[in-house]
Each structure stands twice: as C-alpha cells, then as structure tokens.
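Structure assessment
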Amino acid sequence: MIRFAIFASGSGSNAENIICYFDNHKNIKPALVISNKPNAYVSKRAEMMNIPYLYIPSSDFKNNPSNVLEQLESYNIRFIVLAGFLVLIPAELISHYRNKIINIHPALLPAYGGKGMYGDRVHKAVIDAGETQSGISIHYVNEVYDAGKLIFQTTCPVSKHDTPETLAEKVHELEYIHYPAVIEQTIRETFNLQ
Ligand code: GRF
C-alpha cells in the first residue's frame, strides 16, 4: 500500500475530493492531512473522513524541517500531494521526496505563478490581463514556487463577465475532475504499480 499525505492551508475542498476518490482503493491510501493553519477547515474535513490530521506551524517548515520529515516518516508517507498549501516546501523535504511531491496551481503555468500568486490573486491577474483562457496546472514541486516540471494542464474559457469568484468556480470544477486521477496515475508510475 502506498500511503500519501495531503498538505492544505485552507478550506480543503480538493483534499476532501481526493480522499473520496481513493476510498477503498486497492493500493493507494490518503493516510495523513497536514495543515500549517491551526483552524483551517481542512482539519474538520479530515476528522469527518477519519483521516489522521496534524497541525504543523509554518515556522517548522522554515526552521525545523526535520520535525516535518519525522512526522511523515512516522506515518510511513511515501508521496505528498499539495492542495492549496501556501508554505514553501523546505529543501530537506524536496530531496527526501524527490519527484514525489506534486502541486496543483489554479492557472496555466508558467504564467500567473510564483511567490504570492495564490487563490483569488491568480484569478484576478488572469482577468485583469484580458486572458480568454485559464485552467489548471499539475506539476512536480521543486525548490522554487510553481516551477517544477509540468505533469498535466487543461483549460477553461474566461468570459468578459467573469469575476475572480466565478473563475475560481470553473477552475475548481477542473481540479475536482482531474487532480485525483492525475495523482493516481503519477503514483502508479512512480512506484511501478499495475
Ligand atoms: C485551489 O484552487 C488550488 O488550485 C490552489 O488553492 C485552491 C485550494 O482550494 N492551489 P481548496 O482549499 O482545495 O478548496
């Protein structure tokens, strides 16, 4: 069984969708949810879905990455999925989980990515630039925000009536449809599962 962790800072609707997708999966299991925010709604979702949850403060990611690593190892975590996680992943974790950490970004990278580009800021920038398309990008995580190798992208139209909120809804729809399947496929390839 390949056990993976989900890192999320906020609501965690993707986390919930991913956990549902892998319910009763034969050889892949979401085994831990981690948040850097003590009261993030994702903690409630994890509790409701009976998945172990840990709060690890942002300062530990920055100053004490060994603690994060120890926690992951104590849960036998082999792969990490970021879903709305707003803290830079420390180099120690990246080298330990080389090509085993993936993220979803709510726009078409390499545009509209990087430090400070998250949530509605991304959608606002896309609309302000007059783009006619946005979408999702799923990519490996390396030491630089949103700069790891792309795994999957798909698009949605941006209309001139869209607001950051309506565009976020369209993007979330794409995330719910595609992220779990891309996670499954990436884990299968990484660990040579049938
Ligand atoms: C998603 O749009 C994801 O792409 C971005 O943060 C958002 C998280 O939403 N990185 P939720 O917490 O899963 O609802």
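Residues numbered from 1 in each chain as written. Predicted model: local features only at pLDDT ≥ 70, side-chain atom pairs only at ≥ 80, totals over all residues. Heavy atoms only, no water.

1. Regarding the overall build of the protein chain
Across its full length, the protein chain carries 7 helices and 7 strands. For 194 residues, the compact-globule estimate of 2.2 N^0.38 gives 16 Å, and the protein chain sits close to it at 16 Å. Taken along its principal axes, the extent of the C-alpha atoms in the protein chain is 50 × 40 × 30 Å. Classification of the 194 residues of the protein chain by burial places 46% in the buried group. Here the analysis covers contacts within the protein chain between residues at least 6 apart in sequence; of these, 66% occur between residues at least 24 apart. Total accessible area on the protein chain stands at roughly 9600 Å², and carbon and sulfur atoms take up 50% of it. One way to put it: in the protein chain the 17 positive side-chain charges average out to a point 3 Å from where the 19 negative ones average out. (Helix = DSSP H or I, 4+ residues; strand = E, 2+ residues; numbered from the N terminus. Rg over C-alpha atoms; globule rule 2.2 N^0.38 Å. Buried < 20%, exposed > 50% of the residue type's maximum accessible area, 1.4 Å probe, protein only. Contact = heavy atoms within 4.5 Å. Areas by Shrake-Rupley, 256 points an atom, 1.4 Å probe, with all protein chains shown as cover. Lys, Arg positive; Asp, Glu negative; His and termini not counted. Charge placed at Lys NZ, Arg CZ, Asp CG, Glu CD.)

2. Things to note about the site of the ligand
The local shell around the ligand consists of Ser11, Gly12, Ser13, Asn14, Gly84, Ile104, Pro106, His172 and Glu175. The separation between an oxygen atom of the ligand and a polar main-chain atom of Asn14 is 2.8 Å. Surface burial for the ligand is 85%, taken as the share of its 360 Å² of free accessible area covered by protein chains. Here the shell around the ligand is composed, by residue class, of 2 nonpolar, 6 polar and 1 charged. (Near = heavy atom within 4 Å. Polar contact = N/O pair within 3.5 Å; in protein donor to acceptor, adjacent residues only side chain to side chain. Nonpolar A, V, L, I, M, F, W, Y, C, P; charged D, E, K, R; others polar.)

3. Comments concerning unusual backbone geometry
Most peptide bonds adopt trans geometry, and most residues besides glycine take a negative phi value. In this chain, Leu109 is followed by Pro110 through a cis amide linkage whose omega measures 10 degrees. The phi torsion at Asn24 lies on the positive side, around 65 degrees, for a residue other than glycine. Along the chain, the position of Asn24 falls in the loop between helix H1 (13-21) and strand S2 (28-35). When its relative accessible area of 73% is taken as the criterion, Asn24 is described as exposed. For Asn50, which is not a glycine, the phi torsion comes out positive at approximately 60 degrees. Residue placement: Asn50 occurs in the loop between helix H2 (41-48) and strand S3 (53-55).

4. Focus on the nonpolar core
In this structure, Phe4, Tyr179 and Ile183 are the most contacted members of the largest nonpolar core, which totals 35 residues. No other element matches the 7 residues that helix H7 (residues 164-190) contributes to this core. Other than its neighbours up to four places away in sequence, Ile183 contacts Phe4, Ile18, Phe22, Val81 and Ile102. Membership of the second largest hydrophobic core comes to 22 residues, among which are Ile77, Ile80, Leu82 and Val141. (Core = buried A, V, L, I, M, F, W, Y, C linked by side-chain atoms within 4.5 Å.)

5. Overview of the pattern of salt bridges
Counted under the stated rule, the structure contains 5 salt bridges. As a salt-bridge pair, Arg188 and Glu184 come within 2.8 Å of each other at their nearest N and O atoms. With Arg188 and Glu184 both in helix H7, this residue pair falls 4 residues apart, about one helical turn. (Salt bridge = Lys/Arg side-chain N within 4 Å of Asp/Glu carboxyl O.)

6. Some thoughts on helix H4 (residues 65-74)
Among the residues of H4, Pro65, Val68, Leu69 and Leu72 are the ones counted as buried. Seen end-on, H4 carries its buried residues on one side only, within an arc spanning 95 degrees. Exposed and oriented more than 90 degrees from the buried face of H4 are Glu70 and Ser74. Here the buried face of H4 lies against strand S1 (2-7), S2, helix H3 (58-63), strand S4 (79-82) and helix H5 (91-96). Positive phi shows up at Asn76, right after H4, with a value of about 55 degrees. (Arc of directions from axis to C-beta.)

7. Details of the packing of H1 against H7
Packing of H1 against H7 leaves a shortest axis separation of 9 Å and a crossing angle of 45 degrees. On the basis of the axis angle, H1 is oblique to H7. The two elements H1 and H7 cross, and the hand of that crossing is right-handed. Counting all contacts with H1, which are made through Ser13, Asn14, Asn17, Ile18 and Tyr21, the residues of H7 involved are His172, Glu175, Tyr176, Tyr179, Pro180, Ala181, Ile183 and Glu184. Looking at the contact of H1 with H7 residue by residue, the class counts come to 7 nonpolar, 4 polar and 2 charged. (Axes fitted to C-alpha atoms, helices over the stretch in contact; angles between N-to-C directions. Parallel < 35°, antiparallel > 145°, perpendicular 65-115°, else oblique. Left-handed = near helix turned anticlockwise from the far one by under 90°.)

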